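# Breakdown of the fold
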Amino acid sequence: MQVQVLFDQSGNRAESDSPTGSLGESIQRLRAAQDELRRLSVDDLISLFDEIARAWSSPRHSLAATLRENELGFLTLWMRERNLRRICDLALHGSRHCLDEFCSLSPVDARVFKAQPRGLIVHWVAGNVPVLGIISVVQGLLTKNANLVKVPASDRGLLPALLNSMRGVSCVTASGMRLDGATLTNAVCAVYADRQDREAARQMSLAADVRLAWGGRDAVEAIMSLPRKFGTEDIIHGPKLSFAVVGAEKLAGEEQARAIARSIARDASAFDQRGCNSPHTVFVEAGGVTCPQDFAKLLAREMDTIHRRQPLRVIAPSETVEILAQRAEYAMQGTAWHSEGMGWSVLFSENGRGLGGPCYARTLFVRPVSDVFDTVPFCSGATQTVGLALGDRRLALANALTARGVERCPEVGSMSLYDAPWDGLFPIGRMVRWVSAS
Amino acid sequence: MLPAVREAMAHHYSHCELFRRFCEARGFNPAKPLDSLLDVPYFPVTVFKRLDLRSTDDIIRVLNSSATSSQTPSRIALDNITRNRQMRVLAAILGDVIGASRRPFIVLDAPPSDVRQDNGNALALSARIAGMRGYLLAASEIHYVLSDVAGRPVPDIDKLRNVAAQFVADNAAICVLAYTYILYKYVVRPLYDAGIQIELPPSAFVLHFGGWKRLQDEAVDKATLNRMIGEVFKIPRNRIRDIFGFTEQLGIIYPDDENGVKRTPVYSEVIVRDPMTLLPVSDGQPGLLQFLTPLPHSYPGVSVLLDDMGRIITREPSEEGRYGTGFEIIGRAVGAEIRGCGDTLPTRVYEVTGP
């Protein structure tokens, strides 16, 4: 077993020769730091995150380029005070203060309730969408848990760099207390272990009170198969796919259609379309002023605009081959719009039906449908997000889609934004243990 | 090459509707001057798995690729013109390696008579036999030295030893022919492990083909295989030739030259493209391999991209006077490692019916 410590109470060690550490000692230190965390109120913690978000918003911040390149700008909005209060309240029966003290949750129930941290959360973070791993850690800290994070091989340095930056921020809370970022980050340890290192994975799993995993099927199944303590909570964000639906009523004119195309292009380009919330297929209802094929053309223009501003970062050779085959096939039997290189592709055919097999690297299949409700059969528990561009029918369709397994139905343009619930659950709610007293 | 490729593109443009649409979408019109092979549009060979692309109705046979990397084989429709071209080109390229006159072949595989419908491996064996048919046109006599036993190739070592001994006694110029994986797994590896050597005449060639995909789990590379072949058959390295080729441009083969370098013959050219920009990379840099040849008449396989990575090694002639672009196959195009929660699901989730 070999575990490299990339970040702990000593700060960022990712850029030096990271020491191999004893997992047991790291966990002991984390639990001690967790005790410090428990002494603070959730609003104090939120104030500190708000200060971090403000610092990261500055274009002169030392991590500004890193945040931009990794599409982490969303964090600076998500970590603001108002949003964090909202998501904590949402997940904790309307009262985040249950994290601090016993609270009444119902006027007709004499009991009081408290949300106790579960203890140690072990996070297995995927490399495809860095922001999601960081959001998990922030939620772990808000719930006053200790956090052990196994970072992905593809992105070892990012999380330690962000944690180190958090460590250097301080604020004065509403109660006049000075809070250092280290109070938060002392309760986080980021480590790297080779995915073949079964013993390291086994020890992390056995230590966990909550196992939180992001990843593909093989990764999450491997984690789930590890031994665990009785009562350990699992929060699994496994492989899912997403699509978008555009109703005819939203295609009443070219400007409106262009705005929707722009939103979908933004959703599809975020994280180079590697997120579970990235659309791969766009169903366009016939009958609008803009027909599905013309919409596909507008979408292609918007994809190109984003590509010029923020080009695709990486592509695997096998993805190139598959996308080129799709481009050729659609050029022969439909229409293919695409960049010169592998920047983006929009593929349309009047005969296209169902979900397009995902090609990634900003590849969108545009399918005509005669009725937006025709998309319902394409959904299952494997569908994460369906972005909607609809008028009055949106809740009716959302009801039908979610009944088939879809997790969320935001407006197009917001598909890539993390919110709660996610994958059918409020993670913050799962990171605590509810207790009551009379 | 350029005029011949342009003429071939014009033929398919005129006779294959789907291909014409593809060319139009790429802004390619064969009636216009073509300045460079780099400007010839291309598509991945996988398109032949999905679409039935034909440029004539006079089809005499439909070839299926080995389909080792997917469940669906490529379907290549052949007419007489294409088949004749393939045979002539194959004979010419092979003759350039082993000499123009026919010679005895020892085939390290089961004979066609072993193909029986009650044998679960009948399809695999008949496909193997079909795949080596072109090479055997250069044979004056054929000796099969393996049997198909319950779907598994089993070498008849005594027969191999006796046949080889006879040719050594006659000092005959012979060829040993085999699929690479059969050569390694069923002949060379077992003989090598058992310390058995079977001497071949000094002028013999060992030709093996069919690719390395089936040897991925065996942890054997070309240098190791060559060393083992050399020890088992007591022949020098320069008599062992790995041959690369693919169904979508059948007839064109790329044998190693004396120095182990594959070179394009006068009938084809290779371009290595960057997987992100699709632009040609500098010589020596790895990329996706595009092959061009004017050979195919019945299907538009003039300019295709493989899902293999490779690189250009040299454009200079060898000391032995071999011309053509020297290239190397690096391996299969690899997939993405960081899909995480956005990874693909089992195919049953998709209902792909387009375009």
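Computed from a predicted structure; not experimentally measured. (Residues numbered from 1 in each chain as written. Chains lettered and ligands numbered in written order. Predicted model: local features only at pLDDT ≥ 70, side-chain atom pairs only at ≥ 80, totals over all residues.)

## Quick look at the overall build of chain A
Of regular secondary structure, chain A possesses 15 helices and 17 strands. For chain A, the spread of C-alpha atoms along the three principal axes comes to 65 × 60 × 45 Å. Out of the 438 residues in chain A, the part that is buried amounts to 52%. For chain A, contacts bridging at least 24 residues in sequence account for 71% of all contacts bridging at least 6. (Helix = DSSP H or I, 4+ residues; strand = E, 2+ residues; numbered from the N terminus. Buried ≥ 20, exposed ≤ 12 C-beta atoms within 10 Å, placed from the backbone. Contact = placed C-beta atoms within 7 Å.)

## Concerning the environment of Phe246 of chain B
Residues and elements named next belong to chain B. For Phe246, the position within the fold is in the loop between strand E10 (240–244) and strand E11 (254–255). Residue Phe246 is classed as buried on the basis of its C-beta count, with 20 C-beta atoms lying within 10 Å. C-alpha separation for the pair Phe246 and Ala127, spaced 119 residues apart in sequence, amounts to 14 Å. Not counting the four nearest positions on each side in its chain, Phe246 is found in contact with Val45 and Leu306.

## A word on the interface of chain A and chain B
By convention, interface size is frequently given as the accessible area that disappears when the constituent parts associate. Every contact between the two is made by 53 residues of chain A and, on the other side, 38 residues of chain B. Mapped onto the side of chain A that touches chain B, the elements with two or more residues apiece are helix H13 (317–333) and strand E15 (363–369) of chain A. Broken down by element, the side of chain A that touches chain B gets its largest block of residues, 13 residues, from H13 of chain A. Partitioning the side of chain A that touches chain B into residue classes produces 25 nonpolar, 21 polar and seven charged. (Nonpolar A, V, L, I, M, F, W, Y, C, P; charged D, E, K, R; others polar.)

## Some words on the sheet that holds E10 of chain B
Residues and elements named next belong to chain B. Here six strands make up an open sheet; going across it, the order is E5-E4-E8-E9-E10-E11 and the pairing mixed. Of all strands in the sheet, those bounded by a partner on one side alone are strand E5 (139–144) and E11. Those strands touched by helix H8 (residues 222–233) are strand E9 (205–209) and E10, and its axis lies near 140° from that of E10. (Pairing = 2+ DSSP bridges. Axes fitted to C-alpha atoms, helices over the stretch in contact; angles between N-to-C directions.)

## Some points on the pairing of strand E8 (residues 188–192) of chain A
All names here are of chain A. Across the five residues that make up E8, a large majority, five, are buried. Neither face of E8 is left uncovered, since the one carrying Val188, Ala190 and Tyr192 and the one carrying Cys189 and Val191 both have all their residues buried. The pairing of strand E1 (residues 4–8) with E8 spans three bridges and is classified as antiparallel. Bridge pairing links Phe7 to Ala190 in E8. Strand direction decides the pairing type here: strand E5 (residues 146–150) and E8, joined by four bridges, are parallel. Its bridge partner being in E8, Val149 is matched across the sheet by Ala190.

## Concerning the packing of helix H11 (residues 254–269) of chain A against helix H12 (residues 292–309) of chain A
All names here are of chain A. Running from N to C, H11 and H12 point in directions that differ by 50°, and their axes come no closer than 8 Å. The angle between H11 and H12 places the two elements in the oblique class. In this structure, H11 crosses over H12, and the sense of that crossing is right-handed. Contacts between H11 and H12 involve Ala257, Arg258, Ala261, Arg262, Ile264, Ala265, Arg266 and Ser269 from the former and Phe295, Leu298, Leu299, Glu302, Met303 and Ile306 from the latter. The class makeup of the residues in the contact of H11 with H12 is nine nonpolar, one polar and four charged. (Parallel < 35°, antiparallel > 145°, perpendicular 65-115°, else oblique. Left-handed = near helix turned anticlockwise from the far one by under 90°.)

## Thoughts on the nonpolar core
Among the nonpolar cores identified, the biggest contains 94 residues, and Val246, Val282, Phe295, Leu299, Val346 and Val366 of chain A are the most heavily contacted of them. Aside from chain neighbours lying at most four places away, what touches Val346 of chain A is Ala296, Leu299, Ala300, Met303, Trp337, Leu364 and Val366 of chain A. (Core = buried A, V, L, I, M, F, W, Y, C linked by C-beta atoms within 7 Å.)

## Focus: the domain arrangement of chain A
All names here are of chain A. Taken domain by domain, chain A comprises domain 1 (4–239) and domain 2 (241–403). Taken over C-alpha atoms, the centre of domain 1 sits 34 Å from the centre of domain 2. Partitioning the side of domain 1 that touches domain 2 into residue classes produces two nonpolar, one polar and one charged. (Domains from an automatic or database assignment.)

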